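Notes for the structure review
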Amino acid sequence: MHIIKLSATPSTNDYLKQLYTKQVVANFTIVVASNQSKGKGQMGTSWESESGKNLTFSILLKDLIVDVKQLFTLNILVSLALVEVLESYKIPNLTVKWPNDIMSGNLKLGGILIENSIKSDGEVISIVGIGLNINQLYFEKAPNATSLHLISGKSFNLDELLLDFCTSIKQNLTMLEKDSEKIWVNYHQKLFKKVIPMVFEDVHGNKFMGIIQKVSYDGLLHILLEDDSIAKFEVKEIKMLY
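Computed from a prediction, not measured in an experiment: that's the story for all the values here. (Residues numbered from 1 in each chain as written. Predicted model: local features only at pLDDT ≥ 70, side-chain atom pairs only at ≥ 80, totals over all residues. Heavy atoms only, no water.)

Interaxial distance between helix H2 (residues 71-88) and helix H4 (residues 158-172) falls to 9 Å at its minimum, and their mutual angle equals 130°. Looking at the two axes, H2 sits oblique to H4. Between H2 and H4 the crossing geometry is right-handed. Across the interface between the two elements, Leu77, Val78, Ala81, Leu82, Glu84, Val85 and Leu86 from H2 touch Asp164, Phe165, Ser168, Ile169 and Asn172 from H4. Among the residues making up the contact of H2 with H4, the classes are represented as 8 nonpolar, 2 polar and 2 charged. (Axes fitted to C-alpha atoms, helices over the stretch in contact; angles between N-to-C directions. Helix = DSSP H or I, 4+ residues; strand = E, 2+ residues; numbered from the N terminus. Parallel < 35°, antiparallel > 145°, perpendicular 65-115°, else oblique. Left-handed = near helix turned anticlockwise from the far one by under 90°. Contact = heavy atoms within 4.5 Å. Nonpolar A, V, L, I, M, F, W, Y, C, P; charged D, E, K, R; others polar.)

Encoded structure:
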């Protein structure tokens, strides 16, 4: 692994993308920043992170995906690799909130943003952006957030955790070709609020009851409605009220 450490950058994803356009960048190059001022979440949402307290990093992956149908599988593989490490640190009640928020109970520990580009020869370049709350104690703009320190009462070494997370991701990437079905089984076992009746809200502000059934290979969330029909939703088309 080649790790580039930055004191500050607007976005590790953007930094890595710009670096890739200017020079040859080795596969699995990692960019990590102590302070990321404009971190991004799904669909352009912002990511709050106190300088020097958390992990904000991005990984370049290339020559890995040969079928665009694997794009969401990569998404869940990364989330499961993070959960695997967190479980080794005895963090309780870990789940993955669709599509890829890392949860402890009902509180958010971290999130993932994967940006893909497909070249003219069919090669897929993926920038895997990860934000994890580690030692931060106060969250002004994210009342549903938590951190490893808040959960455990302990401070954590960011460099050691970074190595643990990246090693887990790299090891788990071998499953993308060999055993993608197992990845999906594991993801559904860890899926936040699966088969639990709950309230959802659509983009128009309409609230409705539903039960999460599964996530399909194209990343759509399948919800059983009160009339026994199944509705499918893309990211940001609905939100969970819990």
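Now that the structure has been shown, the text picks up again.
So, on to the sheet that holds strand S4 (residues 94-97). Sheet strands pair by backbone hydrogen bonding; their relative direction is either parallel or antiparallel. Pairing within the open sheet is mixed, and its 7 strands lie in the order S1-S2-S3-S7-S6-S5-S4. A strand with exactly one partner marks an edge of an open sheet, and here the two such strands are strand S1 (2-9) and S4. Between one strand and the next, the sheet's axes are offset by a mean angle of 20°, whatever the strand orientation. In this structure, strand S6 (residues 107-118) lies alongside strand S7 (residues 124-132), joined through 9 bridges in antiparallel fashion. For Glu115, the partnering residue across the bridge sits in S7 and is Ile127. The strands touched by helix H1 (residues 12-22) are S1, strand S2 (29-36), strand S3 (55-61), S6 and S7; relative to S3, the strand with the most contacts, the crossing angle is about 30°. Against the sheet, H2 engages S3, S4, strand S5 (101-104), S6 and S7, with an angle of about 145° to S6. (Pairing = 2+ DSSP bridges.)

Attention shifts here to the side chain of Thr29. Mapped onto the fold, Thr29 is located in strand S2. A distance of 2.6 Å separates a polar side-chain atom of Thr29 from the backbone oxygen of Ala26. (Polar contact = N/O pair within 3.5 Å; in protein donor to acceptor, adjacent residues only side chain to side chain.)

Once that is clear, we can look at the nonpolar core. Core analysis: the largest hydrophobic core is formed by 60 residues, its most contacted members being Phe57 and Tyr187. Ranked by the residues each element gives to this core, the list is headed by H2, at 11 residues. Setting aside residues no more than four positions away along its own chain, Phe57 makes contact with Thr12, Ile30, Val31, Val32, Val128, Gly129, Ile130, Leu162, Phe165 and Cys166. Core analysis: the next-biggest nonpolar cluster, separate from the first, contains 10 residues, Leu6, Leu16, Val25 and Ile125 among them. (Core = buried A, V, L, I, M, F, W, Y, C linked by side-chain atoms within 4.5 Å. Buried < 20%, exposed > 50% of the residue type's maximum accessible area, 1.4 Å probe, protein only.)

Right, let's talk about H4 for a bit. Residue pairs spaced three or four apart in an α-helix point in one direction, given the helix's 3.6 residues per turn. Relative to the 21 Å expected for 15 residues at 1.5 Å per residue, H4 spans 21 Å between its end C-alpha atoms, a close match to the ideal helical length. Residues of H4 that are buried: Leu158, Leu161, Leu162, Phe165, Cys166, Ser168, Ile169 and Asn172. Relative to the axis of H4, the buried residues are bounded by an arc of 160° and lie together on one face. For H4, exposure combined with an orientation more than 90 degrees from the buried face picks out Glu160 and Gln171. For H4, the N-terminal capping position is held by Asn157, with its side-chain oxygen 3.0 Å away from the main-chain nitrogen of Asp159. (Expected span 1.5 Å × (residues − 1). Arc of directions from axis to C-beta.)

Running from N to C, H2 and helix H6 (residues 180-189) cross one another at 60°; their axes reach a closest spacing of 10 Å. Relative to H6, the element H2 lies oblique. The handedness of the crossing between H2 and H6 comes out as left-handed. Taking contact as the criterion, the partners of Phe72, Thr73, Ile76, Leu77, Ser79 and Leu80 in H2 are, on H6, Ser180, Ile183, Trp184, Asn186 and Tyr187. Of the residues contributing to the contact of H2 with H6, the split by class is 7 nonpolar, 4 polar and no charged.

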